[in-house]
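Working through the structure, step by step
Read off the chains here:
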Amino acid sequence: MPTVNIYNSNKNLQQPLKNITHELRELIAGELTSDKRKLIADEITVRFLSVDGEAMIAPIEVEIKAYAYPDRIERSDQICLLVRKFMLDRIRDAKDIRVWLVLAELGHSWQD
């Protein structure tokens, strides 16, 4: 299942980030749903990491990791831009947010 790591160097934005978690999971599930795999919000893991971000590109950086289905690859930049806009619209004090979508072959440690 997809994972989302949110790296934050601004302690004042920790709670606003947590406040949008449910909506963010829904958005990402919808955007990553593909012809081969329908996702729901509960399948998206979100992790918050507070960092010393003096060398970060933006105060908030988001890294989404998911399986490389062809339709996700085709839309990868669009998905990143949608997630970025969603977050900037909801976190008014965020000066900048950068989003990466890492698509790869994945394995997992459980069986359905």
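You'll find the structure just up there.
Structural notes, computed from the coordinates. The residue numbering used here restarts from 1 in each chain and proceeds along that chain's sequence as written. Totals for whole chains, interfaces and linings use all residues, but because this is a predicted model, local features are given only for residues with pLDDT of at least 70 and pairs of side-chain atoms are given and counted only at 80 or more. Computation of side-chain values: all heavy atoms of the structure, hydrogens and water removed.

**Let's talk about helix H4 (residues 76-90)**
In an α-helix, one turn spans 3.6 residues; hence positions three or four apart end up facing the same way. The end-to-end C-alpha distance of H4, which contains 15 residues, comes to 22 Å, matching closely the 21 Å that a straight helix rising 1.5 Å per residue would cover. Type-normalised accessible area, obtained with a 1.4 Å probe on protein chains alone, sets the label of each residue: buried when under 20%, exposed when over 50%, and partly exposed for intermediate values. Counting from the N terminus, the helices are the DSSP runs of H or I reaching at least four residues and the strands are the DSSP runs of E reaching at least two. Buried residues of H4: Ser76, Ile79, Cys80, Val83, Phe86 and Met87, and no others. For H4, the angular spread of the buried residues around the axis is 130°, confining them to a single face. Across from the buried face of H4, at angles greater than 90 degrees, the exposed residues are Asp77 and Leu81. Considering only its buried residues, H4 is in contact with strand S1 (3-8), helix H1 (14-19), helix H2 (21-32), strand S3 (60-67), helix H3 (70-74) and strand S4 (97-104). Working rule for helices: expected span equals 1.5 Å times residues minus one. Each C-beta atom gives one direction from the helix axis, and the arc is the one those directions make. In what follows, residue pairs with any heavy atoms lying within 4.5 Å of each other are defined as contacts.

**Examining the environment of Leu24**
Turning to its location among the elements, Leu24 is positioned in helix H2. Placed 17 residues apart in sequence, Leu24 and Ala41 show a C-alpha to C-alpha distance of 8.4 Å. Residues in contact with Leu24, not counting those within four places in the same chain, are Ile6, Val83, Phe86 and Met87.

By themselves these figures say nothing about function.
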